[in-house]
Every structure is written in C-alpha cells, then in structure tokens.
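Results of the structural survey
Here is how the chains run, residue by residue.
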Amino acid sequence: MDHTSRSSTASANATRMVDVLVPVALDQTYSYKVPRGMELKAGDLVGVPLGPREVLAVVWAENANPDPRLHNRLKEVSEKLDLQPLKPELRSVVDWVANYTLSPRGMVLRMCLRMGENLGPERVRPGVRLIGDPPRRLTPARQRVIAVLSDRLLHGKSEAAKEAGVSAGVIDGLVDEGTLTVEPMPPPPPPPAPDPDFGRPDFTPLQRTAVDTMRALAANGTFHVALLDGVTGSGKTEVYFEAVAEAIRRGRQSLILMPEIALTGQFLDRFAQRFGVRPIEWHSELTPRTRARNWAAISEGSAPVVVGARSALFLPYANLGLIVVDEEHDQAYKQDEGVHYHARDMAVVRAHIAKIPIVLASATPSVESEVNARKNRYQRIALPSRFGGQHMPHIEAIDMRREPPARGRFISPRLAGEIRTAIERREQALLFLNRRGYAPLTLCRACGHRFACTICDAWLVDHRFRQRLVCHHCGFSMPRPHVCPNCSAEESLVAVGPGVERLQEEAAALFPEARTMVLSSDLITSIETMRSELAEIAEGRVDIIIGTQLVAKGHNFPRLNLVGVVDADLGLSNGDPRAAERTWQLLNQVIGRAGREQGRGVGYLQTHQPDHPVMKALIACDREAFYDSEIDLRERTLYPPFGRLASLIISAGDRPSAEGFGRRLVALAPRDERVVVLGPAEAPLAVIKGRYRFRILVKSARGFDLSDYLRNWLAVCPKPKGNQKLEVDVDPQSFL
Ligand code: ADP
Ligand code: ZN
C-alpha cells in the first residue's frame, strides 16, 4: 500500500468543500467534498450520500469551511445533475420563507424541487409502420390494423391498436410476420408559444387606463405591487392579461396564481382565446410525467406562462418577470400543513427579491391589501363597473324571522317564488349553502342521541348520495344505521339542519320539472368531471345549481341571474377574527355570479340578522362602508394588519399532556411589552383524529419581528416529547 500518497490526499488543503441543503425537514446544511474534476457553484443540483441513501440536494454555499476536525469524515458529492441551477433569487426566497414561517429550510426547498420522481429522459414511444406484404393468415383484426396503417406513415403503436380496436398482441404478430416494422416515435414538438397579439380585445375607455398601467408595470420590470380592484365581471382577467402579454413580448415568464385548480378549466380556455394556446399548468393533480416535463420547461425558460395553485410559487423559473395573484383575498392561498405559508404574501416577497412587478386581483380585496392601497403602499387600479354595461346585481335581504320557510324546509316562500320566475324565463338560479352533505347533524328522535365522530370533536355529517355518516375532519364514515346504537329504537333517526344534498331534495320537490345539479367538493371525483359539470352549467343545461363555496369563485355562467343565499349568517359567528371579512367576500363573490351577461342579476340573502354591518353593506352595495367599519375595528383591536398574530398549536394523544405542554410553553415566553401571549386555550376543534388540541395566540405590534421572537422563545422550550406535537403558524388564517 502506498501510505505516502494516501496521507497527502487526506491533508491536501486544496480539497474543495461545499455546503448543501437537502430537501427534507432539516434546517441546516451539510458539508461535502467536491471530487476532483467536478465544478460546483451555489445553486447546482447534486446527488449526495446521506446515511444509507443517495439523495438530491442543492449547493447552498460554494466554499464551505467546516470544522477541520470533520474533514476526514466528510463524504464526497456523488454527481452533479444535468439540471438548471437554482438561481440566487429562489435560494433567497427559500431562506426568507423558512426564516419567516419558522420552517426547516429543507422543507421549503422541497417545494422548489417537486419535479416528479423520474427525471430521466423522456420515454421513447414505439411507433409502427406498414412495410411488407399482408401475412398469409389474415384475420379481420389484422385487416383492420393494415387498413389503419395503409398510408405507410409512422403511427404510435398504442394509438394504432386503439384505432383498429385490437390488442397490442395483434400488432406484435404482424411485426413478427414482417408486415410491420417498429421504429421509435419522434419526440412530440414543444407546444407553440403564447402569442401576445393573438386575440386582444377592444377595451372600454374605463378599462383602457387600467390596461395602460398594466403594460407599463410589466414593461418597467421593477418591484411594484398593484391591486387590481374591480367588481365581478369588470374585466380584471382581460386587463391583467395585458400585463402578461407585455411580459411575453419582453421574453419574461409570467406566473398566474389561482386559489383553486378547479377554477382553471374555464380559465385555460379563456387564456387560449387570448393567446392562441393554453398555458403550462402546475397543481397537485398533474401526472408525474407532466410534472417532470413542466418543471423542466419552467426551469429552462421554455414555459412563458404558468398557471398554478399556490405551490407554483416555489418553482425555479428561469426568467420570471411578472406574478399575478388572482382572487388575492382567497383563504385557499394559506397552506396549513407542512410549511405554513400564505402564497399571496410570499408572492409579494418573491417579487420583491426578484425585483419584478406583481398584480393582486380581487373584487373584494383582503383588508390587508385594502389598507396597503389606502396607504399607497400598493397602487390601486380600479375597475368600478361591469363590462358591457351590465349592472351589478341588486341585493335584498329576506328576514327569516318574518318570512320563515315551512317547518323542516329551508327555502323561504319569497325565494321559491323568485326561483319559479327565473325558471319560467329560462334563466338559471343558484342556491348557495356552504355546507356539504345532507345534514350537519343526525339525532335519534327517541333518546336524543347525537351521532359524533369517535375520534374527533365533531358531529357526523349525513351524506345521502354516499349513504354514509361522515366526519369532515378525519374522513371516518359509517353507514347510516336503521337502529339507534344508544336506545335501539328503529328508524328513529332525524336529520337536523340543511346541507346541499338536502336542499336539492327540497328544490326537486318544489320544482319537479327543473334540472338540478349539486356542486360540492366531496362529490367531485376528478378535475375533469368538475370541469365538465361546470361546462354543462355554462351551456345552460341545468336550471337550478345548488352549491357550496366551490361555485362562488370565478365561474362565468351566462344564464344565471338569480342567486339565493340560503343561510347568509352561517360564517358570521365562528369566533374567527376575519369572520365578517370572509362573509363579505364570499357573499359578494357568489352573488357576483349573477347577471354577468344579460338581464339584471339579483341576490337574496336569507338572514336572521339583516342589520348586521356585513348584510347592510351588501344590500346597500356600499363597499367603502364595509371596509371603513372593518378597518376601524381592526385598528382598535390591533388585529392584522395593525398588529401581528401567530398561533402555536399543541396536540397530544391525551388532554393533560397537550394542555401541560401548552402551559410550559406559555410559562417560558420571553417578556416583552410589545407582545401578548394568550392561552393555552382548548382549540374550537378540540379533538381531531384522537388528538387533543390546544392553541396559544401570540399578538404583537405591527412592526415587530414576531418570527424572531418565536424562535428565541422556542429555543428555550422543551421539545415536544412522545406523541406531543407543536405547530407554528405565523399570520394564521384559521383559528380552529
Ligand atoms: P372579472 O375577472 O373582473 O370578473 P372578466 O375578466 O371575467 O371579469 O370579464 C367578464 C366578462 O366580460 C368576460 O366574459 C370577459 O371576456 C368579458 N370582457 C371583459 N372585458 C372585455 C372587453 N374589453 N372586450 C370583450 N369582452 C370583455
Ligand atoms: Zn373524525
């Protein structure tokens, strides 16, 4: 053995080292040696050995300086992957988001690297071509194949089999006979690029000012936040498409964020009408193959426009030049598991770091964005009226104390009358109720027994379509029994309160001729069925739509002029500091579906509190009144955006353990006169999946670094033990 050369390599201080970040739930980076001949820069994607496994990682620092005592133990980077490096901009976003949300950096990095498992080369698809004579044994199946391939061109093998209605074996047989030959199919051509001048609409004078601002914004290419604040149907989408068009002209990528992927069906078509092709999509339902392809296109810069759910924010855009956040007020932008982040807020952060413009669009801006616009931190671009002279819907309250429906019914006589008129006019009606299933509670008429989930603090919801009682928190379900498990009475169960399925029953009884359709997230088996159901409604093949909040957003139903909100008070009293704001937004959105194309839209609010500020503002169509009163309230109580909030959510397998851990945390909270620590209090959803939950609410002044405070606090706290769990939620949106 040559001892001299061995020791010389070990001590060579020429050995380069890098720090890499691994996309797992770890915050720290790890040092690795760089093998001779490998050139590595910060941002490069590499494979490294970690424990027994080989993992993907990203070089976070080029010239690492680990403790010299560790040098001999360091392993080598195994390979440098042939992928675009992560740009400094995105690495800063990862660091920033991790720091702000108190998440391990590796967890945030993981969101950037969801490129699908197998990033190998595209699988080559086999093609077949007719080259020889027909075989001697010519079955009808074989004849059909030959007919399909008679043009002697290359056809995809599986397509040819499908077209001829035969199995792949028939084709293989013909190949063996020498009639056909197998050749690799050429890769599919890249999709054509969106054309910024394909279908540009003529804008109204009111829209034109907004359009000019949009174009200038995209052209300037510096950090700038615009709040595109326009009533439903004012043309916000058409207007922000002009910013996208400008970005395309300048060769920069655009990201359009949407709160729900279900929304994107109609949207993709509209995009294609404007730009000639559909954009690249990004959401959780993509197949691994499409995911890999889209990820590659995005990182290589060959995807000019990406439309995606919140996770699209973390993709490694080669050349991002514009972000649009559509329906910016939507709660779905908040992720409440893993990294607790708000995609709208983090989009503003990314735009700031990348020095690019961002457009936040909404008919009902979040109070946060409204305040930023009022203080001129965001530029407001207003579209106060509907396109094409359509009026905003007229809104009326139906006071349920004075005009109640019959017992066991939920549609008041007045609303029923209006629906009848709408159907007679061949228009559509939408009944909105934000409750899935048939009834939120089932009880036994004989003994009063209420059906609750055995492992959650929640009633079981009756789902008639599925014939089961279901827990909405853990998914537990059971068949609806015929005998009460408590008193053994037979057929004694009664449904209490309405869900959309029960409303459909009532609507069908009231209007037997009408075609009804229920739209609710639990009834949707795939995005495709969702998209085709929405298309059916848009084509007017449904008379009465009965839906949860799924129908509230973004859709354009040309024949819909009447919206009935079955229980307008539903979201008002749930203890959420944003309850009024959410109700205001949701009801505006859902009533905004009415009267978008012809006729006058009307919205009816069935309410027990017609004098509530939210109902009054809705009826008077007084946007400013709502925001004035809500902003004033937030300012007085120091709720966001005038103060900051964070939640610590503690859970454990038993109540004392959860509560005890919560108490210890609170006892260790650093004293600071700018911070108030409230709790631990039992969470409104006190038990989920057998886990007992407590919440601590931390309130601070606006300019205070709450993340830093929490970090210092948790550093001196004991770690959760056993099955205790602690989640940190900075800027919480949910308080359940
Ligand atoms: P919003 O996003 O504000 O609800 P949309 O952008 O969906 O509004 O516009 C509402 C409807 O009006 C859509 O059908 C849209 O195509 C149409 N529209 C808006 N502006 C124009 C325009 N300038 N020319 C033609 N159609 C328009
Ligand atoms: Zn449950």
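Residues numbered from 1 in each chain as written. Chains lettered and ligands numbered in written order. Predicted model: local features only at pLDDT ≥ 70, side-chain atom pairs only at ≥ 80, totals over all residues. Heavy atoms only, no water.

- Where an unreviewed UniProt entry is consulted, the protein appears under the name Replication restart protein PriA, with the organism given as Bradyrhizobium diazoefficiens.
- Its UniProt record gives the protein the following Sequence similarities (unreviewed entry) comment, quoted word for word: "Belongs to the helicase family. PriA subfamily." (UniProt positions renumbered as here; feature names shortened; annotations may be inferred.)

1. Remarks on the pattern of salt bridges
- Throughout the structure, instances matching the rule amount to 45 salt bridges.
- With a closest N to O distance of 3.5 Å, R142 and E177 form a salt bridge. Taken together, the residues R142 in helix α4 (residues 140-148) and E177 in the loop between α6 (168-176) and β8 (180-184) connect sequence positions 35 residues apart.
- Taking the relative accessible area as the measure of exposure, R142 reaches 9% and is therefore buried.
- The partner of R655 in a salt bridge is E682, with the nearest N and O atoms 2.9 Å apart. Taken together, the positions of R655 in helix α19 (residues 655-667) and E682 in strand β28 (residues 675-688) put the pair 27 residues apart, joining distant regions of the chain.
- Overall, the relative accessible area of 34% leaves R655 in the partly exposed class.
- Given a relative accessible area of 42%, E682 falls into the partly exposed group.
- Salt bridges sharing partners connect three or more residues here, namely D229, E370, R374, R380, R623, E624 and D628. (Salt bridge = Lys/Arg side-chain N within 4 Å of Asp/Glu carboxyl O. Helix = DSSP H or I, 4+ residues; strand = E, 2+ residues; numbered from the N terminus. Buried < 20%, exposed > 50% of the residue type's maximum accessible area, 1.4 Å probe, protein only.)

2. A look at the domain arrangement of the protein
- Looking at the assigned domains, one finds that the protein contains domain 1 (3-116), domain 2 (126-184), domain 3 (205-388), domain 4 (391-435 + 498-632) and domain 5 (643-730).
- For domain 2 versus domain 4, the separation of C-alpha centres amounts to 56 Å. (Domains from an automatic or database assignment.)

3. Some points on empty space enclosed by the protein
- Tallying each qualifying case throughout the model produces two cavities of 30 Å³ or more.
- Lining of the largest cavity is provided by H329, D330, Q331, H342, R344, S366, E368, R578, E581, R582 and Q733.
- For the lining of the largest cavity, the per-class residue count stands at no nonpolar, five polar and six charged.
- Residue assignment places the lining of the largest cavity across two domains, with domain 3 (205-388) and domain 4 (391-435 + 498-632) each supplying three or more.
- Of the pockets and cavities examined, the second largest cavity occupies roughly 40 Å³.
- Every residue lining the second largest cavity is listed: Y100, T101, H340, Y341, H342, M346, V730 and D731. (1 Å grid on protein atoms, 1.4 Å probe; cavity = no way out; pocket = protein on both sides within 12 Å on 5 of 7 lines; lining within 4 Å. Points joined across faces, edges and corners; volume = space filled by probe spheres on them. Nonpolar A, V, L, I, M, F, W, Y, C, P; charged D, E, K, R; others polar.)

4. What to know about the site of ligand 1
- Around ligand 1, 16 residues are found, and the nearest of them are D202, G233, K236, E238 and R270.
- Contact distances for ligand 1 include 2.7 Å between an oxygen atom and a backbone N or O atom of G233.
- A distance of 3.0 Å separates an oxygen atom of ligand 1 from a polar atom in the backbone of G235.
- Protein burial of ligand 1: of its 550 Å² of free accessible surface, 80% is covered by the chains.
- Looking at the shell around ligand 1, the element that brings in the most residues is helix α8 (residues 236-249), giving three residues.
- When the residues that make up the shell around ligand 1 are grouped by side-chain class, the tally is four nonpolar, seven polar and five charged. (Near = heavy atom within 4 Å. Polar contact = N/O pair within 3.5 Å; in protein donor to acceptor, adjacent residues only side chain to side chain. Areas by Shrake-Rupley, 256 points an atom, 1.4 Å probe, with all protein chains shown as cover.)

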